[in-house]
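Structural overview
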Amino acid sequence: ARRKAEEVRAHLRLGLGPVGDVDRLCDLLGITVLRAQLGDDLRETISGAFFNHRKVGFSSLVNLDMMPGRRRFTVAHELAHALFHSDKEPYVLSFATKDPRERFADAFAGEFLMPTEGVRRVMEEQGFGPKISDPADVIHLQRFYKVSYATALVRLRQARSLKPADYDRFKQ
C-alpha cells in the first residue's frame, strides 16, 4: 500500500507535501465524489463507499456526519478502492470491520495523505524528532497535512516516530 501510494503521488506530481484538494484529484481521475449524512456512529453506519457503475463510472460516497479530517481520509480510502479494487468488485462498503481490501485502502490513504518521507522532512525542517515527545508536534503535523489527529498519530506510529507509550498517552 505504501509503495502504491508513493507511485500514485509521483504520477500526480504531488511531491511530499500535503495534498491540496483531494476531491479535485478524484475529479481529474474520473471519480465522482458524493456526500450524504449517514450518521456519526461508525459501529452502525459506513464512513464511505465505492461504486463502479458500468455506465456512470467510478463514484465514491462519503459520510458527511464525520469530522473534516475523517472525511478527507475517507476520500483517499475510496480512491484506493477505485484504483486497485474496481476490477474485481463493482462496489466496496467501508465499514469499521476490516478485510484485506479495507486494510490496504487504510494504509494507502494514510501514506497518500501523509507520506512517511515527507513527514520526516517536515520534522527535520521544524527541528523536532526523530521521535516525537510533545503532542503539540503531532498537532503541527496534523494541521500541516490536513488530516485528523487520529490519522497523524497512526502515521507517526507507523513511521516509528512515536514510542508506543507516547502513542497511548497522546490518544488521551
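Report follows, based on the coordinates.

Quick notes on the rules
The residue numbers shown here count from 1 along each chain, following its written sequence. Given that the model is predicted, a residue must reach a pLDDT of at least 70 before its local features are reported, and side-chain atom pairs must reach 80 or more before they are shown or counted; all residues, however, enter totals for whole chains, interfaces and linings. Note that the side-chain values use all heavy atoms of the structure and ignore hydrogens as well as water. In this text, helices come from DSSP runs of H or I with a minimum length of four residues, and strands from runs of E with a minimum of two, each type numbered from the N-terminal end. Radius of gyration: C-alpha atoms only; globule rule: 2.2 Å multiplied by the number of residues to the exponent 0.38. For the exposure calls, accessible area comes from a 1.4 Å probe over protein chains only, and a residue counts as buried if that area is under 20% of its type's maximum, exposed if over 50%, partly exposed in between. Residue-level accessible areas treat just the shown protein chains as cover; the underlying method is Shrake-Rupley with a 1.4 Å probe. Counted charges follow a simple rule, with Lys and Arg positive, Asp and Glu negative, and His plus the chain ends left uncounted. Charge positions come from single atoms, namely NZ of Lys, CZ of Arg, CG of Asp or CD of Glu. Whether two residues are in contact is decided by their heavy atoms, any of which lying within 4.5 Å being enough. Among buried residues, the Ala, Val, Leu, Ile, Met, Phe, Trp, Tyr and Cys ones that are joined through side-chain atoms within 4.5 Å form a nonpolar core. The rule for pairing is simple: two strands pair if DSSP sees at least two bridges between them. All axes here are fitted lines through C-alpha atoms, helices being fitted over the stretch that makes contact, and every angle between N-to-C directions spans 0 to 180 degrees. With respect to orientation, any angle under 35 degrees is reported as roughly parallel, any angle over 145 as roughly antiparallel, any angle of 65 to 115 as roughly perpendicular, and every other angle as oblique. The sense of a crossing depends on the near helix, which, turned anticlockwise from the far helix by less than a right angle, makes the crossing left-handed and, turned clockwise, makes it right-handed. Here the nonpolar group is Ala, Val, Leu, Ile, Met, Phe, Trp, Tyr, Cys and Pro; Asp, Glu, Lys and Arg are the charged ones; every other residue, Gly included, is treated as polar.

**Considerations on the overall build of the protein chain**
Across its full length, the protein chain holds 8 helices and 4 strands. N-terminal to C-terminal, the α/β element order of the protein chain is α-α-β-β-β-α-β-α-α-α-α-α. The C-alpha atoms of the protein chain give a radius of gyration of 16 Å, which matches the 16 Å a tight globule of 172 residues would have. Across the 172 residues of the protein chain, 42% fall into the buried class. Of the roughly 9600 Å² that the protein chain leaves accessible, carbon and sulfur atoms contribute 52%. Of the side-chain charges in the protein chain, 28 are positive and 23 negative, and the distance between the mean point of each set is 3 Å.

**Details of the environment of Phe108**
When you line up the elements, Phe108 lands in helix H4 (residues 100–113). In this structure Phe108 comes out as buried when scored by relative accessible area, which is 0%. Between the C-alpha atoms of Phe108 and Arg71, which are 37 residues apart in sequence, the distance is 15 Å. Non-local contacts of Phe108, meaning those with residues more than four positions away in its chain, are made with Ala1, Lys4, Ala5, Val8, Ala76, Leu79, Ala80, Leu83 and Phe84.

**Comments concerning the nonpolar core**
Formed by 38 residues in total, the largest nonpolar core has its most connected members in Phe112, Met114, Ile132, Leu141 and Leu156. Residue contributions to this core peak at 6 residues, all from helix H3 (residues 68–84). Once residues within four sequence positions are removed from consideration, Leu141 is found in contact with Met114, Val119, Val122, Met123, Phe128, Ile132 and Leu156.

**Looking at the pairing of strand E3 (residues 57–63)**
Within E3, 5 of the 7 residues are buried, leaving the element largely enclosed by the surrounding structure. Bridge count between strand E1 (residues 31–36) and E3: 6 bridges; the pairing is parallel. In the strand pairing of E3, Thr32 is matched with Ser59. The pairing of strand E2 (residues 48–53) with E3 spans 6 bridges and is antiparallel. In the strand pairing of E3, His53 is matched with Gly57. Here E2 hands over to E3 after 3 residues, the two strands then running antiparallel side by side.

**Focus: the packing of helix H1 (residues 2–11) against H4**
The geometry of a pair of packed helices is captured by two quantities: the angle between their axes and the separation between those axes. Axis separation between H1 and H4 bottoms out at 8 Å; the angle between their running directions is 45°. By the angle class used here, H1 and H4 are oblique. In this structure, the crossing between H1 and H4 has a hand that is right-handed. Where H1 abuts H4, its residues Arg2, Lys4, Ala5, Glu6, Val8 and Arg9 lie against Phe104, Phe108, Glu111, Phe112 and Leu113.

**Details of unusual backbone geometry**
Positive phi values are uncommon outside glycine, yet Lys146 reaches one of about 60°. Counting through the fold element by element, Lys146 comes out in the loop between helix H6 (135–145) and helix H7 (149–158). The residue Arg160 is not glycine, and still its phi comes out positive at about 60°. By the secondary structure assignment, Arg160 is in the loop between H7 and helix H8 (164–171). For Arg160, a relative accessible area of 65% translates into the label exposed.

**Side note on the packing of H7 against H8**
The geometry of H7 relative to H8 is characterised by a closest axis approach of 10 Å and an angle of 175° between their N-to-C directions. Relative to H8, H7 is oriented roughly antiparallel. Listed contacts from H8 to Tyr149, Leu153, Val154 and Arg157 of H7 are Tyr167, Phe170 and Lys171. Of the residues that constitute the contact of H7 with H8, the class distribution is 5 nonpolar, no polar and 2 charged.

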